[in-house]
Amino acid sequence: MGNYKISKVLNNNVVIVCDEKDRELIALGGGVGFGKKRGEYISDEDMEKKFIAADSEDLYKKLFNTLTRVSVEYVDIVDYKVEIVKKDLGIKLNPQIYVLLMDHLSFAVERAKEHLNLSCPMLAEIKIIYKNEYNVAKKVLDYCEKKLHIRLPSSEAGFIAMHIMNATNCTSDINQTLDVMVIVNGVVRIIKEYYQIEFEENSLDYLRLLTHLNFFAKRIVLKQMEENDQEVIELLQGKYLEAQKCVDEIVKYVKENFGYTISEQERVYLAIHINRNVKKK
């Protein structure tokens, strides 16, 4: 069992310590810093969680700054989320989730107390494309209410789901996740306006469309060009002419807003999905 020398007490539940190898750690636990002073010692039994500076200096600094202004309850909520995601989705989240979600939740609670609720414009799409992540997010909202005694609006489930999506991929960031959802939402809006229709959100065709748009948007954000399959292009050339006109609007939107040129094959696939959704209307 290790002994850790306290170098700084952030609050009653968070202290900065050094281990026997002189590595700096953030130690968290209920009352771990209560009545403690610099130079005193704590043990593993006093901690509930610890973060080592050597593991990721950037993450450590961000976590340090976040923990100076949020209560330990937020750490507990993120812990709960990490365990639920692991249990329900079988996914291990990037440790950055501790910084991002604690920061997000603290501001969400402040807004809720002031009755300032932000809408999540991509909520409908998130519910369908990321159904499992959204269901986990709803459980997190319930746990937040239990720990913080305040009910966050349902729109927050959408934002929490996006944090889950982001933290499952160590190479992405929250801005990329937001861009993906913005593109999906923008393309759906173009289709709706072009055909003057509303989609049947529970239909299998709409689910296929959103799934395709999700991967389509990720390629745009990551600047991944899809190679053309000439056989596919020639096979479907001249079909879905009205859908192709709608695709022209999508091509213009993507080029103007994201600087991405859609391939001929991608145009064909978009036309197929659009046609499948509008032909019944």
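Residues numbered from 1 in each chain as written. Predicted model: local features only at pLDDT ≥ 70, side-chain atom pairs only at ≥ 80, totals over all residues. Heavy atoms only, no water.

A.B. asks: If you had to explain the overall build of the chain to someone new, which residues and values would you point to?
C.D. replies: Summing up its helical and strand segments, the chain has 11 helices and five strands in all. Counting only residues that meet the buried cut, the chain has 47% of its 281 residues in that class. Counting contacts in the chain only where the partners sit at least 6 residues apart, residues at least 24 apart contribute 67% of the total. Approximately 15,200 Å² of the chain is accessible, and the part contributed by carbon and sulfur atoms is 47%. (Helix = DSSP H or I, 4+ residues; strand = E, 2+ residues; numbered from the N terminus. Buried < 20%, exposed > 50% of the residue type's maximum accessible area, 1.4 Å probe, protein only. Contact = heavy atoms within 4.5 Å. Areas by Shrake-Rupley, 256 points an atom, 1.4 Å probe, with all protein chains shown as cover.)

A.B. asks: Break down the environment of glutamate 133 for me, citing the residues and quoting the values.
C.D. replies: Looking at the element boundaries, glutamate 133 is found in helix α5 (residues 131–148). On the basis of relative accessibility, which here comes to 15%, the residue glutamate 133 falls in the buried class. Through-space distance from the C-alpha of glutamate 133 to that of histidine 163 is 9.3 Å; in sequence the pair is 30 residues apart. Among residues more than four places away in sequence, those in contact with glutamate 133 are Leu89, Ala161, Ile164 and Met165.

A.B. asks: Requested: an account of the pattern of salt bridges, with residues and values cited.
C.D. replies: Evaluated as defined, the whole model comprises 13 salt bridges. For the salt bridge of aspartate 142 with arginine 151, the shortest nitrogen-to-oxygen distance reads 2.8 Å. A relative accessible area of 43% places arginine 151 in the partly exposed class. Via salt bridges that share partners, Asp142, Glu145 and Arg151 belong to a single interconnected network. (Salt bridge = Lys/Arg side-chain N within 4 Å of Asp/Glu carboxyl O.)

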